[in-house]
Each structure stands twice: as C-alpha cells, then as structure tokens.
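The lines below spell out each chain.
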Amino acid sequence: MKQTVSFSKNAVNVFFHITTRCNLKCAHCYINPAQHGDSTLPAATVGRWLSFFRKPGKAANLILLGGEPTLHPELAKIVSAARQMGYASVTIDTNGYLFHDILDQVTPEDVDYFSFSLDGATPATNDQIRGAGCYAACTRGIRRTVEKGFGVSVIYTVSRKNLHELADMPEVLSDLGVHRFFIQVIGIRGRSAQAGQDALQLTRQQWEENVPPVAQRVAKSGIAVTYPKVFLETDEIFECAGKVAENYFIFPNGRVYQCPLCEDFALHSLQITDQGLAPAPKINEADLFSLDIAEGCVINKLVQGGNIDYDHQGRPRWKIACCLLKEEIPAG
C-alpha cells in the first residue's frame, strides 16, 4: 500500500551541488549558472561547508549532485570526508558515465546509493531528452554498479516527452537489477522554464492515470518506489517543508535554498560566506513559507501556477502539495 511520508523533523537532508560542470545538455536540466555559479568546488571547501549542516542529535543525509558529480576529480575524497564527519548516508546522483573510475575509488560501505537518471524506456526517447548515446552509457553504468554491490536507484523525470514510456519501465528496472525507483515531476526551472510550462508538465489527470499505477507495478516486482504527492484535495492540510523540516540545496556560489522551486531566483534563505552560514537579506524564500493561500504551495503559485485549475467562482479545485512531500510504496 502506498503511504504519504511525513516530513522528517529529526534528520537533515543536504543536497550538495559540488560542481555545475556536466558532459551533457539535457533538455530539462534545472542548473542555472547565472543563479548557481559555474565553478567546481575544491574538496577542502566542500568539507568545510558540509560541517555547517551537521547538528547534534540529528542524522544527516548527503546527496552529491552536479552538473555531473563524477566529473569532480576529488569525489572519493569528498565522500570520505562526509563519512568521517558522521553523515549517516551518502548518495551520488549521476548520469551514468561514472568518470574518474569512481566505482573503483569508493565501496558500498562508503556510498549507500548511486542514483542514475534515465528518462525513457528506450534509447529513442531517453536520448532525445538527454543526448545521443546516453541510454547505452547509463544502462551500462547501472549494470556495472549493481555488479559491484552498490545500492542502485533510477530517477525518471516524467514529462509529456516521455510519459508514453513510463509504463514500460517496470520491465527495464527489473532487467537492470535496480533497488529503488524515483518518479520525479518536472519543475519549470532552468532549461525547462525556457521550453514553456505547457510543453512539459503533466495535467492532474495525466499524472493520476499514469504515475500511481506504474508505481504499484514496480513495487510488486520487488523495487521500492517514491514519487511526489503533487496534488492535495482542498480539505487536505497543506504543510511546507521549509517550515517543519531541514532540507538544504547548496550551490557552488554559496547560495543555500530550502525550496528547490526558488532556485531560478535570488530568493535563497541562506548564504555561505567566509565567516560561515548566514541568513540571506530579505525578502527571501523563508519569508514566503508562512503565507497561507488556498492553492497550497505559495512558491508553486508564484513560479508555475499553470498546474492549478479553478472553478467558475475562482476557487482552486485542488491544492498543490509541497514538492518535498512524497508517496512511498515498499518493495513487494
């Protein structure tokens, strides 16, 4: 049975973009160099910044991202530093090319999961989004990683470009030996914003008719599934992770966001400086989290309000959930 996962109040989740460099130019990439920076942080800097987010009595989970994090020549050193610092789990998000022989530099004891981005069940669909040859490289990387005993996740960012192949993913995942499957809703930020919302985002009907049924099939095949809740009924209580949980999205220019929908704008709530972690000047995302509106997520209303429908009296037919609120279906 699926369950809505409450926001964790006893853990810190750190999403650290250690570089914005990447070997690909994916059509839906959310990296925005004007807002995120274009540098690769030295391992010593990454280690210092990581120390700002370790808190007594709270487990801390680290997700290393880019760009493509395996392009970082000191990635193994960063992983080691995080473990020595006491981070409870380490995940590396990757496009599958696995640069610098990273699988030979870390062990399953160092890295809990490698999470691979695969946006189609076939090369034709995936490579139209991510670039020629990406499907072959990614699936080859997944097989190598499974063989070496690492935990392996696959992330599928569902949009109108690849919705038609989502139903084929259960067989693909089983064949690859994947352990976890994440279905992501596409956010209108980075390159996706340039394409226009109507070209990519699913309607509520498309989402509900496709995503939960596929998630159930994947779970029955023995693979755990997580996907965003996205839509709340009007009588469901809206809760913002920015107010009740600790999720930090860190970029190479020192900006720290608590809401990923804000990342295309200078709305970050925190800034890393030479002196440490400091509040960003007002007005920032934290000032918006407490606003109470009928549509649910105020940030969604501001930056991608087209996925909300209204009745003839101008009232929203549903609320948009916090993008960090998830549904989970355990394996089996």
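Each remark here, short or long, concerns the structure printed above.
This report concerns the structure included in the present document. Given the structure is predicted, the values throughout are model-derived calculations rather than measurements.

## Structural notes on the overall build of the protein chain
Move 1: Of the regular secondary structure elements, the protein chain holds 12 helices and 15 strands.
Move 2: A globule of 332 residues ought to have a C-alpha radius of gyration of about 20 Å, and the protein chain, at 19 Å, matches this closely.
Move 3: Contacts spanning at least 24 positions in sequence make up 72% of the contacts within the protein chain whose residues lie at least 6 apart.
Move 4: Split by element, the accessible area of the protein chain, about 14400 Å² in all, is 51% carbon and sulfur.
Move 5: Each charge class in the protein chain was averaged separately, 32 positive and 35 negative side chains, and the resulting centres sit 2 Å apart.

## Concerning the nonpolar core
Move 1: Within the largest apolar cluster, 89 residues are counted, with the highest numbers of intra-cluster contacts made by Phe-16, Leu-64, Phe-114, Phe-181 and Ile-183.
Move 2: In terms of residues, this core owes the most to one element, helix α9 (residues 204-220), which gives six residues.
Move 3: Those residues within four positions of Ile-183 in sequence are excluded, and the remaining contacts are Tyr-156, Val-158, Leu-166, Trp-207, Val-211, Ala-215, Val-225, Thr-226, Tyr-227 and Pro-228.

## Here's the deal with helix α6 (residues 134-147)
Move 1: For α6, which comprises 14 residues, the first-to-last C-alpha distance of 20 Å matches the rise-based estimate of 20 Å (1.5 Å per residue) to within 8%.
Move 2: Those residues of α6 that sit buried are Cys-134, Tyr-135, Ala-137, Cys-138, Thr-139, Gly-141, Ile-142 and Thr-145.
Move 3: Lining the buried residues of α6 we find α4 (102-105), β5 (113-117), α5 (123-130), β6 (151-158) and α7 (169-176).
Move 4: Positive phi appears at Gly-149, one or two residues downstream of α6, with a value of about 90 degrees.

## Overview of the environment of Leu-232
Move 1: With respect to the element layout, Leu-232 can be found in strand β9 (residues 231-232).
Move 2: On a C-alpha basis, the gap between Leu-232 and Val-154 in space is 26 Å, while along the polypeptide they are 78 residues apart.
Move 3: Look past the residues within four positions of Leu-232 in its chain and what remains in contact with it is Ile-237, Phe-238, Trp-318, Lys-319, Ala-321 and Leu-325.

## Some thoughts on the packing of helix α2 (residues 43-51) against helix α3 (residues 75-85)
Move 1: Relative orientation of the contacting elements α2 and α3 amounts to 25 degrees, with a least axis distance of 9 Å. The angle between α2 and α3 places the two elements in the roughly parallel class. Crossing of α2 against α3: the hand is right-handed. When α2 is examined against α3, the residues Ala-43, Val-46, Gly-47, Leu-50 and Ser-51 are found in contact with a partner set consisting of Lys-77, Ile-78, Ala-82 and Met-85.
Move 2: Grouping the constituent residues of the contact of α2 with α3 by class yields six nonpolar, two polar and one charged.

## Some words on the environment of Asp-287
Move 1: Within the element layout of this structure, Asp-287 appears in helix α11 (residues 285-289).
Move 2: With 20 residues separating them in the primary sequence, Asp-287 and Leu-267 have C-alpha atoms 9.5 Å apart.
Move 3: A polar contact of 2.9 Å, which involves the side chain of Asp-287, links it to the backbone nitrogen of Asn-284.

## Observations regarding the side chain of Glu-285
Move 1: Among the structural elements, Glu-285 can be located in helix α11.
Move 2: Buried charged residue Glu-285 carries no salt bridge. Nearest counter-charge: Arg-189, at 10 Å.
Move 3: When residues no more than four places from it in sequence are discounted, the contact partners of Glu-285 are Val-256, Tyr-257, Gln-258, Cys-259, Cys-262, Leu-267, His-268 and Ser-269.

## Some thoughts on the pairing of strand β12 (residues 270-273)
Move 1: Only one face of β12 is covered, namely the one carrying Leu-270 and Ile-272; the face carrying Gln-271 and Thr-273 has none of its residues buried.
Move 2: Alignment of β12 against strand β13 (residues 276-279), held across four bridges, turns out to be antiparallel. Within the sheet, the bridge partner assigned to Gln-271 lies in β13 and is Ala-278.
Move 3: Joining the antiparallel neighbours β12 and β13 is a turn of two residues.

## Re the pattern of salt bridges
Move 1: Counting across every chain of the model gives 16 salt bridges.
Move 2: A salt bridge links Asp-104 to Lys-148; the shortest N-O distance between them is 3.1 Å. Remark: Lys-148 occurs in the loop between α6 and β6 and Asp-104 occurs in helix α4; sequence separation between them is 44 residues.
Move 3: Residue class for Lys-148 comes out partly exposed when judged on its relative accessible area of 40%.

## So, α5
Move 1: Along α5, the residues classified as buried are Thr-125, Asn-126, Asp-127, Ile-129 and Arg-130.
Move 2: Among the structural elements, β5 and α6 are those in contact with the buried residues of α5.
Move 3: After α5 finishes, the residue Gly-131 shows a positive phi value of roughly 120 degrees.

Criteria and thresholds
Per chain, residues are indexed from 1 in the order of the written sequence. Residues qualify for local features only when their pLDDT is at least 70, as the model is predicted, and side-chain atom pairs are given and counted only at 80 or more; totals for whole chains, interfaces and linings, by contrast, use all residues. Side-chain measures here rest on the full set of heavy atoms in the structure, leaving out hydrogens and waters. Helix and strand definitions follow DSSP, with helices as H or I runs of at least four residues and strands as E runs of at least two, each counted in order from the N terminus. In this setup the radius of gyration rests on C-alpha atoms only. A globule is expected at 2.2 Å times the number of residues raised to 0.38. Here, residues are in contact when the closest pair of their heavy atoms is within 4.5 Å. The protein chains shown are the only cover counted for residues, whose accessible areas, like all others here, come from Shrake-Rupley with a 1.4 Å probe. When charges are tallied, Lys and Arg are placed among the positive residues and Asp and Glu among the negative ones, while His and the ends of the chain are skipped. By convention, charge coordinates are those of NZ in Lys, CZ in Arg, CG in Asp, or CD in Glu. Here, nonpolar core means buried Ala, Val, Leu, Ile, Met, Phe, Trp, Tyr and Cys residues that are tied together by side-chain atoms lying within 4.5 Å of each other. For the exposure calls, accessible area comes from a 1.4 Å probe over protein chains only, and a residue counts as buried if that area is under 20% of its type's maximum, exposed if over 50%, partly exposed in between. Expected helix span is computed as 1.5 Å times (number of residues minus one). Axis definition: a line fitted to C-alpha atoms, over the contacting stretch in the case of helices. Angles run 0 to 180 degrees between N-to-C directions. Each angle gets one of four labels, with under 35 degrees taken as roughly parallel, over 145 as roughly antiparallel, 65 to 115 as roughly perpendicular, and the rest as oblique. By convention, the crossing between two helices is left-handed when the near helix turns anticlockwise from the far helix through less than a right angle, and right-handed when the turn is clockwise. Charged residues are taken to be Asp, Glu, Lys and Arg, nonpolar residues to be Ala, Val, Leu, Ile, Met, Phe, Trp, Tyr, Cys and Pro, and polar residues to be all remaining types, Gly included. As used in this structure description, the phrase polar contact means that two N or O atoms lie within 3.5 Å; if the pair is within protein, one of them must be able to donate a hydrogen and the other to accept it, and residues adjacent in sequence are counted only when both atoms belong to side chains. Think of a salt bridge as a Lys or Arg side-chain nitrogen and an Asp or Glu carboxyl oxygen that are within 4 Å of each other. Paired strands, as defined in this entry, are two strands with at least two bridges between them according to DSSP.

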